[in-house]
Each structure stands twice: as structure tokens, then as C-alpha cells.
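Listed here are the chains, written in short residue letters.
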Amino acid sequence: MIFEYDASDEKCPLPLVNLRLQLKKMQKGDICLLTIADKGSIEDIPKLLNKLGYSYNQSLIDNGRVKITISSK
């Protein structure tokens, strides 16, 4: 299943908290497409994903927005 979460209008810590909830729902083979713009979230979310052992790809979209594609573990 592919989950999409656009948090580009949200400020930290809301994207981080909501992403944690989303990660708990994910099963093996699921993907989460996350869009963020908040500088704190752009720094903190990759740290969280590394700490929890998720693989992800990060790319700049436009106007400071970042898209992170997260694969379930």
C-alpha cells in the first residue's frame, strides 16, 4: 500500500508526530510518500528514520519543499 502525507504546511513537531503514527500502521512492502517544508522537520525526520532503521530517499521538489519516500522495514 502507498501512503501519502503532505505536511508541507505543518510546523515541527507535528509532521514528526504524525509520521510516527503512520509508520506504526505500515506493513512490510508499504511505502510512505512524505512532503515537508519545515526546516526542523527536514533535519529531524531523516534522523528519526535512520534511528528506527527505515530506508528512504529524499529529494528537493520546489520552494524548499522536500519529498521523502520511505520503505517499510
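Please read all numbers here as calculations on a predicted model, not as lab measurements.

## Digging into the sheet that holds strand 3 (residues 55-60)
Pairing within the open sheet is mixed, and its 4 strands lie in the order 1-2-4-3. The open sheet has two free edges, formed respectively by strand 1 (2-7) and strand 3, since each of these has just one partner strand. Pairs of neighbouring strands in the sheet enclose a mean axial angle of 15 degrees, with direction left out of account. Two elements, strand 1 and strand 2 (residues 31-36), share 6 bridges in a ladder whose sense is parallel. Residue glutamate 4 lies in a different strand from strand 2, and its bridge partner there is leucine 33.

## Re the pattern of salt bridges
Evaluated as defined, the whole model comprises 1 salt bridge. The salt bridge partner of aspartate 62 is arginine 65, with a shortest N-O separation of 3.1 Å. Judged by relative accessible area, which is 26%, arginine 65 ranks as partly exposed.

## Details of helix 1 (residues 14-25)
With 12 residues, helix 1 should reach 16 Å at 1.5 Å per residue; the first-to-last C-alpha distance of 17 Å fits that figure. Where helix 1 is buried, its residues contact strand 1, strand 2, helix 2 (39-52) and strand 4 (66-71).

## Considering the pairing of strand 3
Two strands pair when backbone bridges link them, and strand 3 and strand 4 are joined in this way by 6 bridges, in the antiparallel orientation. Each bridged residue has a counterpart across the sheet, and for serine 59 the counterpart in strand 4 is lysine 67. In this antiparallel pair of consecutive strands, strand 3 and strand 4, the connection spans 5 residues, and asparagine 63 shows a positive phi of 45 degrees.

## A closer look at the nonpolar core
By size, the foremost hydrophobic cluster in this structure holds 15 residues, and its most contacted members are Leu19, Leu34, Leu49, Ile68 and Ile70. With sequence-adjacent residues up to four places away left out, leucine 49 is seen in contact with Leu19, Leu23, Tyr54, Tyr56, Ile68 and Ile70.

About the cut-offs
- Residues numbered from 1 in each chain as written.
- Predicted model: local features only at pLDDT ≥ 70, side-chain atom pairs only at ≥ 80, totals over all residues.
- Heavy atoms only, no water.
- Pairing = 2+ DSSP bridges.
- Helix = DSSP H or I, 4+ residues; strand = E, 2+ residues; numbered from the N terminus.
- Axes fitted to C-alpha atoms, helices over the stretch in contact; angles between N-to-C directions.
- Salt bridge = Lys/Arg side-chain N within 4 Å of Asp/Glu carboxyl O.
- Buried < 20%, exposed > 50% of the residue type's maximum accessible area, 1.4 Å probe, protein only.
- Expected span 1.5 Å × (residues − 1).
- Contact = heavy atoms within 4.5 Å.
- Core = buried A, V, L, I, M, F, W, Y, C linked by side-chain atoms within 4.5 Å.

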